[in-house]
Amino acid sequence: MTSLLSVQGVTKRFGGLVAVADVTFDIAPGELVGLIGPNGSGKTTLLNIMSGNLSGDEGTIRLDGEPCTGLKPQRLARRGLMRMFQLTRIFPRMNVLDNLLVSGRALGLAADEAKVRANGLLEELQIAHVRHLDAGQLSGGQMKLLEFGCCFMRTPRLALLDEPFAAIHPTMKEIMSRFIRARHAEGQAFVLVSHDMPVIVELCPRSICMNAGRVLSDGKTSDVLTAPAVIDAYLGGAAA
Amino acid sequence: MLSGALAADLAVNGLVTGLFYGLMAIGLALIFGVLRIVNFAHGEFYMVGAYAYTIIAARLGVPLFVALPSAFLFGAALGWVVERTLMRPLYANIGSWGLMRDEYAVIVTFGLSLLLVNLVDKAIGPYAFRAPALVSASRVVVGPALMSGQKVAAAVVTLAALALIALFLRFSYWGRAVRAVSQNRLGASLAGIDATAVSSLVFALAGGLAALAGALLSPIINASPDVGAFPAIKSYVIVVLGGMGSIPGAFVASLLLGLVESFGAVLVSYQYRDTFGLVLLILFLLFRPQGLFGERGREV
Amino acid sequence: MSGDIRLRREFIATSLLLLVLALLPLAMRDVYWLGVLVVSAYFAILASSWNLLAGFTGQFSLAPAAFAMIGAYGAALSAAYYNVPPLIGLLIGTVSAGLIGLVLGRIVMRLRGPYLALTTLSFAEIVRLVASNSINITRGDLGLPLEPWFNDRVIWFYVFLSALTFVICGLYLLLRSQAGLFLEAIRDDEIAAARSGVRIVFWKTAAFAISSAAAGFAGALYAYFASLVTPELGLVQQTGLVVSMTVIGGMGSLIGPVVGAFLVYVTSEWLRDVGGWQLVIFAALVIVFARLFRAGLWGLVITALAPRRKLA
Ligand SMILES: Nc1ncnc2c1ncn2[C@@H]1O[C@H](COP(=O)(O)OP(=O)(O)OP(=O)(O)O)[C@@H](O)[C@H]1O
Ligand SMILES: [Mg+2]
């Protein structure tokens, strides 16, 4: 088995609305995959199912070849699936350092090890100067960086990032994309959801485009972005 | 087993009790709808109404048709003051309670309940107050059931009050504003509705209705400092069964709870009759938090 | 400031406070006031255990008094029907409250805010109504009498103080470990905590069980002290007192509930002579503190002592 994560026929309905419709794809170890699609096309819902925050109606998901459909988020996190939410989620009444330590300790690092790692990440993400501030007092962009950091306290098997660049200043965006590129070079696998096409083109060798819950196109990013169906979905509105 | 006559009697009594519950619970549901909090001092509005009515009518000798509305107004004024002084941090994001609004709401309303109970206990006294009767008839035949005249009179006023509230919420500008803010506070504000004023209004209405309930029932259950505890718990059960914040849901659930208790006391256990509603509350919150009719929203 | 240092500072302050209390009988041996201190210590344990749930884990339970009552009945029933000695009775009271807390905590896991408050309030009322209506077992509102363990108030005072010390040390060790980090994370954002790999079910249930067991322990001890157990121990008003003490002292700090419990209870006994307005005053204080001084008295002390910080 060469597949790191395998998604097979995953479907999710909300009442009459099919938010994710029979989605199938594989992610190989070390792959960096862009997940794109118009608003409401089901990207976040798909990530929610992958990370265990939502249970799908049909389909199976395997991580490292082992079935993990319906596992709780905390179980998946411990198996190496880390996830960044579209609407930032941090611990507002704990300080920045403790925010990182939670991930580290919960994922089995010893106290000292977690501290070293956290401080390293704070430096790398350039938020070390606010490490003793309560996370709730950070700016929106700093919160995103912090949540981003939480995903890397222990090197994940796969990081699912839901629009990490939304509403972020270009310099911070640069910090994050440099981080992603560096980790990818070391063999870290990512799924990156973004509406920022230049970043997707720059970072992701492969992309998956969704529309109305379905996978429209999956392959080399340049091919995906030029596929007629994709152009249609983006320019012609999601009327389909 | 149950004879037909007894069943009919239980049904009528249960429905009438349910009406009283409704008067209490609708205010609580309104508050939850608009502010997303449970008012743990709701029973004290009831208590205040019972005292206001008893004192105004019995001590000052004011006629009933003035005393009852006065009790309503008194409760409404109290509700309004409470909202203005204590509820503002819930939506103004004052200080660090912004992150802990649920906790703040529980603590403050809980503290308010303690304050009012003990204040009345010290200022007026711990003993029950006898209230003047609403009507002089002691027994009235209602369909298949025989009921005390007080209860029938109170039920008639309650029905009238509930009808007025329903009309108000349905057709008046402020009624529509209340419903709009319940659905989406931010959206309603953007549409030009004064959400803060709506919160004040809702608290005043809730206080007034609970006070009216206390006044109406005071000839039957005399006013005492802790007289509100019991109706408050009933209204918690009702808002949960009805789906937190739903007004029609609360009304239906009130009648239902009245019936469940009335039949349960005879069919299941008289001794434990007051626990039925509480058990229902827990079961609902665990398995159907959206209540009898509601739907669930999105979390992640 | 890191959570670690804050916690250590609170622990040291609490230890000093307990030490001062331990020296009190040297100066004061009035039976009445020793009794007041005993009851204060009882409330301090309840408030500290409740604070673990409400202040650190974000589970705003309204059942602490009910768990104290469960512990008290555990001790009293086993003494009345099986004649068990006090130490075993204490154990039975503590364990039964802990087990019921474990089950309740597991059941209410998913509930938050007003929903949790309502559920636990209903649970508390159900337990109290059952205790007061099961007359052939509990003698209802008459209460169950117990053989007093011993009568010397000074000994009782030290027993309660040791119990409080034990609970505080236990809480400190718990919060200082990674558990403290996880509980606070759960309080702040459960979904984010799950994403970080925190075992939500385990920690939330554990916190509930530990808190309930501590409340039950206090209740069982109190049962032997008062030699009578009535359903009144589980009244919602008792929970109201516990909440008031915690809020006035400072919720979410180790020392706050202890300060709050002693201050509120001792002053209220003292105010009893001036017409019994104490409960009115405290209820008003709770509202004032909740509205204006969220961090309680302890928070005020910290702000007063802290060096003026530069604006960052
Ligand atoms: N809990 C829910 N209940 C009902 N409908 C939902 C729920 N969650 C998502 N949806 C619906 O599913 C569809 C897909 O939503 P999703 O959030 O996955 O889109 P998305 O691709 O992430 O969009 P965006 O780019 O705007 O973030 C939307 O139409 C949304 O309204
Ligand atoms: Mg999305």
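Because the structure is predicted, anything quoted here is derived from the model rather than measured.

## Description of the overall build of chain C
Okay, step 1: Within chain C, the regular secondary structure consists of 14 helices and two strands.
Okay, step 2: Here chain C has a C-alpha radius of gyration of 19 Å; the compact-globule value for 312 residues is 20 Å, and the two agree.
Okay, step 3: By its C-alpha atoms, chain C is 65 × 45 × 35 Å across when sized along the principal axes.
Okay, step 4: Out of the 312 residues in chain C, the part that is buried amounts to 62%.
Okay, step 5: Within chain C, residue pairs in contact and separated by at least 24 positions form 81% of the contacts whose partners lie at least 6 positions apart.
Okay, step 6: Split by element, the accessible area of chain C, about 12500 Å² in all, is 68% carbon and sulfur.
Okay, step 7: Looking at chain C, you have 21 positive and 14 negative side-chain charges, and the mean spots of the two groups are 12 Å apart.

## Things to note about the packing of helix H2 (residues 31-57) of chain C against helix H11 (residues 236-249) of chain C
Residues and elements named next belong to chain C.
Okay, step 1: Here H2 crosses H11 at 75°, and the two axes come no closer than 9 Å. With respect to H11, the element H2 is oriented roughly perpendicular. Each of Phe 43, Leu 46, Ala 47, Trp 50 and Asn 51 in H2 lies in contact with H11, whose residues at this interface are Gln 238, Leu 241, Val 242, Val 243, Met 245 and Thr 246.
Okay, step 2: Looking at side-chain class alone, the contact of H2 with H11 contains eight nonpolar, three polar and no charged residues.

## Some remarks on the sheet that holds strand S4 (residues 58-63) of chain A
Residue and element names in this part refer to chain A.
Okay, step 1: The antiparallel open sheet is built from four strands, whose spatial order is S2-S1-S4-S5. This sheet does not close on itself; its edge strands, each paired only once, are strand S2 (17-27) and strand S5 (66-67).
Okay, step 2: As defined by bridge partners, strand S1 (residues 5-14) adjoins S4 across five bridges and the pair is classed as antiparallel. Its bridge partner being in S4, Ser 6 is matched across the sheet by Arg 62.
Okay, step 3: Where helix H1 (residues 43-50) meets the sheet, it contacts S1, S2 and S4, and its direction lies at approximately 120° from that of S1.

## Quick look at the pairing of S1(A)
Okay, step 1: The element S1(A) is largely enclosed, with a buried count of seven among its ten residues.
Okay, step 2: Joining the antiparallel neighbours S1(A) and S2(A) is a turn of two residues, in which A:Gly15 adopts a positive phi near 60°.

## Section: a nonpolar patch on the surface
Residue and element names in this part refer to chain C.
Okay, step 1: Where nonpolar side chains cluster on the molecular surface, the patch consists of Leu 91, Val 95, Leu 99, Leu 102, Val 103 and Ile 107 and spans about 520 Å² of accessible area.
Okay, step 2: Tracing the backbone through its elements, the reader meets Val 103 in helix H4 (residues 86-108).
Okay, step 3: A relative accessible area of 48% places Val 103 in the partly exposed class.

## Some words on the site of ligand 1
Okay, step 1: The immediate surroundings of ligand 1 are formed by 15 residues, with A:Asn39, A:Lys43, A:Thr44, A:Thr45 and A:His195 found nearest.
Okay, step 2: Per-site note: the chains with residues close to ligand 1 are chains A and B.
Okay, step 3: With respect to ligand 1, the backbone of A:Ser41 contributes an N or O atom lying 3.2 Å from an oxygen atom.
Okay, step 4: Here an oxygen atom of ligand 1 and a side-chain polar atom of A:His195 are 2.8 Å apart.
Okay, step 5: Protein chains bury 74% of the 640 Å² of accessible surface belonging to ligand 1 in isolation.
Okay, step 6: When contributions to the shell around ligand 1 are tallied by element, the ones reaching two or more residues are S2 and H1 of chain A.
Okay, step 7: Split into classes, the residues belonging to the shell around ligand 1 amount to four nonpolar, eight polar and three charged.

## Some details on the confidence of the model for chain C
Residue and element names in this part refer to chain C.
Okay, step 1: When pLDDT is averaged along chain C, the result is 89, and 97% of the positions lie at 70 or above.
Okay, step 2: Of all secondary-structure elements in chain C, the lowest mean pLDDT belongs to helix H6 (residues 135-138), at 81, while helix H10 (residues 200-226) reaches the highest, 94.
Okay, step 3: Overall fold confidence (pTM) sits at 0.88, and the ipTM for the predicted complex is 0.88.

## Some details on the sheet that holds strand S10 (residues 214-220) of chain A
Residue and element names in this part refer to chain A.
Okay, step 1: Read across the open sheet, the six strands follow the order S6-S7-S8-S3-S9-S10; overall the sheet is mixed. Of all strands in the sheet, those bounded by a partner on one side alone are strand S6 (81-84) and S10. Strand-to-strand, the axes of this sheet are offset by a mean angle of 15°, without reference to chain direction.
Okay, step 2: Pairing of strand S3 (residues 32-36) with strand S9 (residues 206-211) involves four bridges; the strand directions are parallel. By the bridge assignment, Gly 34 is partnered in S9 with Ser 207.

## Observations regarding the side chain of A:Gln74
Okay, step 1: Of note, A:Gln74 is situated in helix H2 (residues 73-78).
Okay, step 2: Residue A:Gln74 is classed as buried on the basis of its relative accessible area of 8%.
Okay, step 3: Leave out the neighbours within four places in its chain, and A:Gln74 touches C:Ala194, C:Gly197, C:Val198, C:Arg199, C:Ile200 and C:Val201.

## Notes on the pattern of salt bridges
Residues and elements named next belong to chain C.
Okay, step 1: Summed over all chains, the structure comprises 22 salt bridges over all chains.
Okay, step 2: A salt bridge links Arg 6 to Glu 184; the shortest N-O distance between them is 3.9 Å. With Arg 6 in helix H1 (residues 3-27) and Glu 184 in helix H8 (residues 178-188), this pair connects stretches of sequence that are 178 residues apart.
Okay, step 3: For Arg 6, a relative accessible area of 32% gives the class partly exposed.
Okay, step 4: Glu 184 gets classed as buried once you look at its relative accessible area, which sits at 14%.

Rules and cut-offs
- Residues numbered from 1 in each chain as written.
- Chains lettered and ligands numbered in written order.
- Predicted model: local features only at pLDDT ≥ 70, side-chain atom pairs only at ≥ 80, totals over all residues.
- Heavy atoms only, no water.
- Helix = DSSP H or I, 4+ residues; strand = E, 2+ residues; numbered from the N terminus.
- Rg over C-alpha atoms; globule rule 2.2 N^0.38 Å.
- Buried < 20%, exposed > 50% of the residue type's maximum accessible area, 1.4 Å probe, protein only.
- Contact = heavy atoms within 4.5 Å.
- Areas by Shrake-Rupley, 256 points an atom, 1.4 Å probe, with all protein chains shown as cover.
- Lys, Arg positive; Asp, Glu negative; His and termini not counted.
- Charge placed at Lys NZ, Arg CZ, Asp CG, Glu CD.
- Axes fitted to C-alpha atoms, helices over the stretch in contact; angles between N-to-C directions.
- Parallel < 35°, antiparallel > 145°, perpendicular 65-115°, else oblique.
- Nonpolar A, V, L, I, M, F, W, Y, C, P; charged D, E, K, R; others polar.
- Pairing = 2+ DSSP bridges.
- Patch = residues over 30% accessible without salt bridge, like charges linked within 9 Å, V, L, I, M, F, W, Y side chains within 5 Å.
- Salt bridge = Lys/Arg side-chain N within 4 Å of Asp/Glu carboxyl O.
- Near = heavy atom within 4 Å.
- Polar contact = N/O pair within 3.5 Å; in protein donor to acceptor, adjacent residues only side chain to side chain.
- pLDDT = per-residue confidence, 0-100.

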